[in-house]
Amino acid sequence: MRRLDWRTPGFLDLVGLQRWLVETPLPPRAGRVRPGSVRYRSQGTANAVLTVLGEFLRFGVVHGWVPADTTALLSQPKLPRFTPPGFDTGESGQRRQVEAAVFRFKVTEPGYEDLSDEQIRRVIAAAPSARDRFLVALLACTGLRIGEALGLHRGDMHLLASSRVVGCGVEGPHVHVRRRTDNPNRALAKSRRHRFVPVTADLVALYTDYQYERDHVAEAAGSEMVFVNLFRRPLGRAMSYTNAKEMFDRLARALGQACCPHMLRHSAATRWLRDGVDRDVVQRLLGHASPLSMERYRHVNDAEARAAVERVGSLKERR
């Protein structure tokens, strides 16, 4: 790609950059080169890069580094087809016009397949180690994000009936989810708010099995992290995102079904909502700041739709 003057990029320059972001192969990862494998940026990643670029150029305008007409290329007026509830469109709708980004790929939000309880049990049973079984069950039981799980410290695991001996007033077994920026595996909780999530007796039993397995790896004794390497070098090092992805990829291939950490989180949230758990409770368990984030988890399945119709159809019988 040719070099551009960042202060005065033209329209065709920005179009070329947008295409370059998705059409240029990424450099191979060290030690993970497979013959014939080529990686590219996703359109979502390209959108994120272009958003940052746009904000930088606007920042440059404020400080006089970039001409004002340069940022005029970044957006154009648009009339949205739908407006959010409560949005004031003004008299005769004169406020309906918004500024829409010009250099942006249209990305459809991916859907996540729900895993049934039986499918989740199959995944747990297929996991080859106590550590992996505990990780799968933890995500399915608590709805934690994978970054939150990998960032857990052993001191976050309050699995006794009472944790008052360690100064915690929360009753019953639970885990604490805290955002830390210094985890050795760079695992990061998305939510900045500390929260705790109750856990079941079955999950406590799986954790006990994992601790027994971990105790046989001397290198793991000095790590405060819950999830560590037990079967690959360096032993005892905090489990990374890449390690977790490879584990779930192996399980998916072995079972012949899709399986990833966010599917387990999605399944937990959907199951709670279908079981009638209050939305505010589910929101707190998942660590969402906004209730609007809950919309992606509630899907009506065929059985629910049929049951609703049959309830209406049975009105004649109740007369």
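Here the structure is shown first, and the text comes after it.
Everything in this summary refers to the structure shown in the same document. As the structure is a computational prediction, the values presented were derived from the model and not from experiment.

Close contact between helix α5 (residues 130-142) and helix α8 (residues 241-255) brings their axes to 12 Å; oriented N to C, the two are set at 90 degrees. Accordingly, the angle class assigned to the pair α5 and α8 is roughly perpendicular. Contacts from Asp132, Leu135, Val136 and Leu139 of α5 reach α8 at Met247, Phe248 and Leu251. Taken together, the residues of the contact of α5 with α8 sort by class into 6 nonpolar, no polar and 1 charged.

Our next topic: the pairing of strand β4 (residues 174-177). Side-chain alternation along β4 places His174 and His176 on one buried face and Val175 and Val177 on a second face that is also buried. The pairing of strand β3 (residues 157-158) with β4 spans 2 bridges and is classified as antiparallel. Its bridge partner being in β4, histidine 158 is matched across the sheet by histidine 174. Two elements, β4 and strand β5 (residues 195-198), share 4 bridges in a ladder whose sense is antiparallel. The residue bridging histidine 174 from the neighbouring strand is proline 198, located in β5.

Our next topic: the environment of leucine 203. On the secondary structure map, leucine 203 appears in helix α7 (residues 201-214). Leucine 203 gets classed as buried once you look at its relative accessible area, which sits at 5%. In the structure, leucine 203 is positioned 66 residues away from alanine 137 in sequence and 6.7 Å away in space, judged by C-alpha atoms. Once you skip the residues sitting within four places of it in the chain, leucine 203 turns out to touch Phe134, Ala137, Leu138, Cys141 and Thr142.

The rules behind the values
- Residues numbered from 1 in each chain as written.
- Predicted model: local features only at pLDDT ≥ 70, side-chain atom pairs only at ≥ 80, totals over all residues.
- Heavy atoms only, no water.
- Axes fitted to C-alpha atoms, helices over the stretch in contact; angles between N-to-C directions.
- Helix = DSSP H or I, 4+ residues; strand = E, 2+ residues; numbered from the N terminus.
- Parallel < 35°, antiparallel > 145°, perpendicular 65-115°, else oblique.
- Contact = heavy atoms within 4.5 Å.
- Nonpolar A, V, L, I, M, F, W, Y, C, P; charged D, E, K, R; others polar.
- Buried < 20%, exposed > 50% of the residue type's maximum accessible area, 1.4 Å probe, protein only.
- Pairing = 2+ DSSP bridges.

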